[in-house]
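Here are the chains, one letter per residue:
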Amino acid sequence: MKKAGKFITLEGPEGSGKSTHLDFLCDYLSEKGFNILSVRDPGGTQVGEEIRKILLNPGLKGMSDMTELLLFEASRAQLVSKKIKPFLEAGPDNIVISSRFADATMVYQGFVRFRESKNIKHIEELNNMVMDGIIPDLTILLDIDPVEGIRRARGVNKETPAGELDRIESEDIEFHENVREGYLKLLKKNPERIKLVDASEPVNTVRRQIFNLIEQLLGSVKKYVR
């Protein structure tokens, strides 16, 4: 059986710079000779992108927590089956980099929306079903103060008009503080896989820290000779 590629995810509160650093990381690894698939969750497929529009629509504030959860899982199921799993199974030189994945659901829907341990357990089971055995080799947690994160999101959001926030971003500050606490809780439970990077540092400092983590994962990252 052919050895599978690597799966790297970027997680963190709103405005932590996931999209920016995903682009940096893709360029860095492409230059080293790896085959890169860059995706986002929710999204990443035609079906997933349509679901993403619903999930982030600021006009749909009446969405129930259960509806939100199942929409996220539906988008992820499509992404795993149609994009992530086939690409990883195609060979060891393939690397998938995703902006968010199942950890985000454990935090946003598990720790923040549903809260109760029995519900969190059910979400974990649902995540496992949808992930179909695909677990990130490395998750980079970009940590940032929620107030600063929302300020940044307001300035860089490309999916809503200038100055506006999407449905998730527009939650109150307590929600976003709980999100950050949820990610730190997940970090404590998975210290081998999840690595924290202070996203409030200058962008070049953050980028270097991420590259260092990637080199630890892949060993000495050398350019392939083709």
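The structure displayed is predicted, hence computed values, not measured ones.

Another point: the overall build of the protein chain. A count of helices and strands for the protein chain gives eight helices and five strands. Along the protein chain, from the amino end to the carboxyl end, the secondary structure elements read β-α-β-α-α-β-α-α-β-α-α-β-α. Relative to the compact-globule value of 17 Å for 226 residues, the protein chain shows a C-alpha radius of gyration of 17 Å, a close match. Seen through its principal axes, the protein chain has C-alpha atoms that stretch 55 × 40 × 35 Å. A total of 226 residues make up the protein chain; the buried ones form 48% of that total.

Compared with the 18 Å implied by 1.5 Å per residue over 13 residues, the 15 Å span of helix α4 (residues 102–114) between its first and last C-alpha is markedly short. Counting buried positions over the 13 residues of α4 gives 13, a clear majority of the element. One or two residues past the end of α4 sits R115, with phi positive at roughly 70°.

Another point: the nonpolar core. The biggest cluster of nonpolar side chains holds 21 residues, and the ones touching the most others in it are L25, L29, I140, I210 and I214. The set of elements that each furnish at least two residues to this core consists of β1 (6–11), α1 (18–31), β3 (94–99), β4 (138–143) and α8 (203–218). Each residue touching I210, except ones within four places of it in the same chain, is listed here: H21, L25, I140, L142 and V197. Ranked by size, the runner-up nonpolar core spans 19 residues in total, among them A104, V112, V179 and L186.

So, about the packing of aromatic side chains. Applying the stated rule across the entire model yields four aromatic pairs. Ring plane angle 55° and centroid distance 6.0 Å describe the contact between Y108 and F175, whose orientation is recorded as tilted. Note that Y108 is positioned in helix α4 and F175 in helix α7 (residues 173–189), a separation of 67 residues in sequence. Using a relative accessible area of 5% as the deciding quantity, one classes Y108 as buried. Residue classification places F175 among the buried residues on the basis of a relative accessible area of 7%. Among the aromatic residues, those joined into a ring-pair cluster are Y108, F175 and Y183. Taking the ring centre of F101 as reference, the NZ or CZ of R76 above it sits at 5.6 Å.

A word on the side chain of E73. In this fold, E73 is placed in helix α3 (residues 65–89). Reaching out from E73, the side chain makes a polar contact with the side chain of R76 at a distance of 3.1 Å. Not counting residues within four places of it along the chain, the set of residues in contact with E73 comprises T105, I123, L126, N127 and V130.

A full pass over the atoms with the stated rule returns 18 salt bridges. Between R100 and E14 there is a salt bridge, and its shortest N-O distance comes to 3.3 Å. Residue R100 is found in the loop between β3 and α4, and its partner E14 is found in the loop between β1 and α1; the two are separated by 86 residues along the sequence. A salt bridge links E73 to R76; the shortest N-O distance between them is 3.1 Å.

Another point: the packing of α4 against α7. Relative orientation of the contacting elements α4 and α7 amounts to 120°, with a least axis distance of 9 Å. By the angle class used here, α4 and α7 are oblique. Considering the relative orientation of α4 and α7, their crossing is right-handed. On α7, the residues that touch D103, A104, M106, V107, Y108, F111, V112 and R113 of α4 are F175, N178, V179, G182, Y183, K185 and L186. For the contact of α4 with α7, the class distribution of residues is ten nonpolar, two polar and three charged.

Parameters at a glance
Residues numbered from 1 in each chain as written. Predicted model: local features only at pLDDT ≥ 70, side-chain atom pairs only at ≥ 80, totals over all residues. Heavy atoms only, no water. Helix = DSSP H or I, 4+ residues; strand = E, 2+ residues; numbered from the N terminus. Rg over C-alpha atoms; globule rule 2.2 N^0.38 Å. Buried < 20%, exposed > 50% of the residue type's maximum accessible area, 1.4 Å probe, protein only. Expected span 1.5 Å × (residues − 1). Core = buried A, V, L, I, M, F, W, Y, C linked by side-chain atoms within 4.5 Å. Contact = heavy atoms within 4.5 Å. Phe/Tyr/Trp six-rings, centres within 6.5 Å; stacked < 30°, edge-to-face > 60°. Lys NZ or Arg CZ within 6 Å of the ring centre and 35° of its normal. Polar contact = N/O pair within 3.5 Å; in protein donor to acceptor, adjacent residues only side chain to side chain. Salt bridge = Lys/Arg side-chain N within 4 Å of Asp/Glu carboxyl O. Axes fitted to C-alpha atoms, helices over the stretch in contact; angles between N-to-C directions. Parallel < 35°, antiparallel > 145°, perpendicular 65-115°, else oblique. Left-handed = near helix turned anticlockwise from the far one by under 90°. Nonpolar A, V, L, I, M, F, W, Y, C, P; charged D, E, K, R; others polar.

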